[in-house]
Amino acid sequence: AAVLLHKDRNEFTETITAYLADTDREYKMVSGGIDGDPSGITTTSSHISSAHNPLETIEAGLINHAGGLLDVDATAFVVLILENFASLNNRIIQKFVQVGGNLGAKWEYNYLSQILGTGTEGTAGDDVDMIKDLTDKNGLRMADDAAVQERYIRLLCEFNPLQVFPYLAAHQAYRVDSCLKLCKEYNITDAEAYLLERTGDVTGALSLILTSLEKKIGLLRPALRGFNLNPELSVSTMQYESSILQSLAEGQEVKSTLDVAIAMCERHSARHHDDQSEKLWFTLLDMCLKIYL
């Protein structure tokens, strides 16, 4: 009721405050949305007269409530900003930095992941493409800004470490040395090895990966013994899994790390046909044999 009351009065900031304070999620989806948008953000911004709400008031309301609106629907909020208030982009990011702590960092990560990454979990591919088009249209060259890239990579290390290596491999606009320190700090081995490889230390990179692989094999062995001691589990799982390794979390970890090592050797062999390439492959083969010993 408060949402509708403030909305009818064209009280923009108060409408957002009441909307975010409403704990009735189903009510929000029914009363706030427009054209199937469950967030209600679009309705709130586009149906309030600017005569009653100067642009400064609207902008202040969006900035002050950016975190809450992001929590409701990150994609809808980012699209709203990029479509109508692109000039607020840096101020919103700065607002999250000012909030600080885990909450501010999480908001910053969720916001940047919509623009620089592939969105948060559940973001549709069409939405990702639309956001990319909007950033290009508004001339936001965030993907080419090394400082922004490195900040986002730090946030990835903190909130989504499994995506650090894929992101590094898909982008170039960052300082390798700075990101290498980050990956060491957060102990993200595959990303650290990839960056070591980029510095030219392929042997060191492979050694790092193989050390990680050896530790994971050590965790896999007891898991395999437990698997084999449970015949019912073995039979039922084998009906749905292509291999025992893939049916165990420890096995998936080993395979993932092994894939990183193989890809590294393949990249080096494609660029250099020398003794070092052969040595890398034989070193990897030696480690693979240990899996079966």
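Since the model is a prediction, treat every value here as computed from it, not as a measurement.

### Topic: the overall build of the protein
When helices and strands are counted, the protein shows 19 helices and zero strands. Long-range pairs, those at least 24 residues apart, make up 61% of the contacts in the protein with a sequence separation of at least 6. Accessible surface for the protein amounts to roughly 15,900 Å². Of this, 53% is attributable to carbon and sulfur atoms.

### Details of the packing of aromatic side chains
As enumerated under the stated definition, the model contains seven aromatic pairs in all. Aromatic pair Y109 and F159: ring centres 5.6 Å apart, planes at 25 degrees, arrangement stacked. A residue pair is termed long-range when its members are at least 10 positions apart, and Y109 in helix 9 (residues 101-116) and F159 in helix 11 (residues 146-159) qualify at 50 residues.

### Observations regarding the pattern of salt bridges
Evaluated as defined, the whole model comprises ten salt bridges. When the shortest N-O distance is used, the salt bridge between E59 and R91 registers 3.8 Å. Here R91 lies in helix 8 (residues 89-99) and E59 lies in helix 5 (residues 55-64), a separation of 32 residues in the sequence. For E59, a relative accessible area of 14% translates into the label buried. For R91, a relative accessible area of 45% corresponds to the partly exposed category. Between D259 and K255 there is a salt bridge, with its nearest N and O atoms 3.0 Å apart.

### Quick look at the packing of helix 7 (residues 74-84) against helix 9
Two elements in contact, helix 7 and helix 9, have axes whose closest approach is 10 Å; the angle formed by their N-to-C orientations is 70 degrees. As far as their axial angle goes, helix 9 and helix 7 are roughly perpendicular. Crossing of helix 7 against helix 9: the hand is right-handed. Residue-level contacts link A74, T75, F77, V78 and I81 of helix 7 to Y111, Q114 and I115 of helix 9. Residues that form the contact of helix 7 with helix 9 fall into these classes: six nonpolar, two polar and no charged.

### Remarks on helix 7
Most of helix 7 is tucked away: nine of the eleven residues are buried. Considered for burial, the residues of helix 7 that qualify are A74, T75, A76, F77, V78, V79, L80, I81 and L82. By the N-cap criterion, in which a side-chain oxygen at the helix start approaches the backbone nitrogen of a residue two or three places on, helix 7 is capped by D73, the distance to T75 being 3.3 Å.

### What to know about the environment of E278
If you trace the backbone, E278 turns up in helix 19 (residues 275-290). Placed ten residues apart in sequence, E278 and H268 show a C-alpha to C-alpha distance of 9.9 Å.

### Examining the confidence of the model for the protein
Counting all residues, the mean pLDDT for the protein is 79, and 72% of those residues have values of 70 or more. Low pLDDT (under 50) marks residues 25-49, which in the prediction has 46 contacts with non-local residues, meaning those over four places away or in another chain. Segment residues 238-242 is flagged for pLDDT under 50; beyond a separation of four residues in sequence, or across chains, it makes four contacts in the model.

### So, the nonpolar core
If you look at the biggest cluster of nonpolar residues, it comprises 69 residues, and the most contacted ones within it are L62, F77, I92, Y111, L168 and L195. Counting residues per element, this core draws most heavily on helix 15 (residues 202-228), which supplies nine residues. Counting contributing residues, this core receives three or more from each of domain 1 (1-21 + 56-143) and domain 2 (200-292). Look past the residues within four positions of L168 in its chain and what remains in contact with it is I153, Y174, C179, C183, A191, Y194 and L195.

### Some words on the side chain of Q149
Mapped onto the elements, Q149 comes out in helix 11. Separated by 3.3 Å, the side chain of Q149 and the backbone oxygen of A143 make a polar contact. Beyond its immediate chain neighbours, meaning those up to four positions away, Q149 contacts L116, M142, A143, Y167, H171, A173 and Y174.

### A closer look at the side chain of D73
When you line up the elements, D73 lands in the loop between helix 6 (66-72) and helix 7. The exposure class of D73 is buried, given its relative accessible area of 19%. A polar contact is formed between the side chain of D73 and the backbone nitrogen of T75, at a distance of 3.3 Å.

### Remarks on the environment of N110
Looking at the secondary structure, you find N110 in helix 9. What makes N110 buried here is its relative accessible area of 13%. The spacing of N110 and V78 is 32 residues in sequence and 9.8 Å in space, taken between C-alpha atoms.

### Quick notes on a nonpolar patch on the surface
Side chains of F282, L285 and L289 sit close together on the surface and give an oily, nonpolar patch of about 320 Å² of accessible area. The topology assignment puts L289 in helix 19. Judged by its relative accessible area of 46%, L289 falls in the partly exposed class.

So, how was this worked out
- Residues numbered from 1 in each chain as written.
- Predicted model: local features only at pLDDT ≥ 70, side-chain atom pairs only at ≥ 80, totals over all residues.
- Heavy atoms only, no water.
- Helix = DSSP H or I, 4+ residues; strand = E, 2+ residues; numbered from the N terminus.
- Contact = heavy atoms within 4.5 Å.
- Areas by Shrake-Rupley, 256 points an atom, 1.4 Å probe, with all protein chains shown as cover.
- Phe/Tyr/Trp six-rings, centres within 6.5 Å; stacked < 30°, edge-to-face > 60°.
- Salt bridge = Lys/Arg side-chain N within 4 Å of Asp/Glu carboxyl O.
- Buried < 20%, exposed > 50% of the residue type's maximum accessible area, 1.4 Å probe, protein only.
- Axes fitted to C-alpha atoms, helices over the stretch in contact; angles between N-to-C directions.
- Parallel < 35°, antiparallel > 145°, perpendicular 65-115°, else oblique.
- Left-handed = near helix turned anticlockwise from the far one by under 90°.
- Nonpolar A, V, L, I, M, F, W, Y, C, P; charged D, E, K, R; others polar.
- Polar contact = N/O pair within 3.5 Å; in protein donor to acceptor, adjacent residues only side chain to side chain.
- pLDDT = per-residue confidence, 0-100.
- Core = buried A, V, L, I, M, F, W, Y, C linked by side-chain atoms within 4.5 Å.
- Domains from an automatic or database assignment.
- Patch = residues over 30% accessible without salt bridge, like charges linked within 9 Å, V, L, I, M, F, W, Y side chains within 5 Å.

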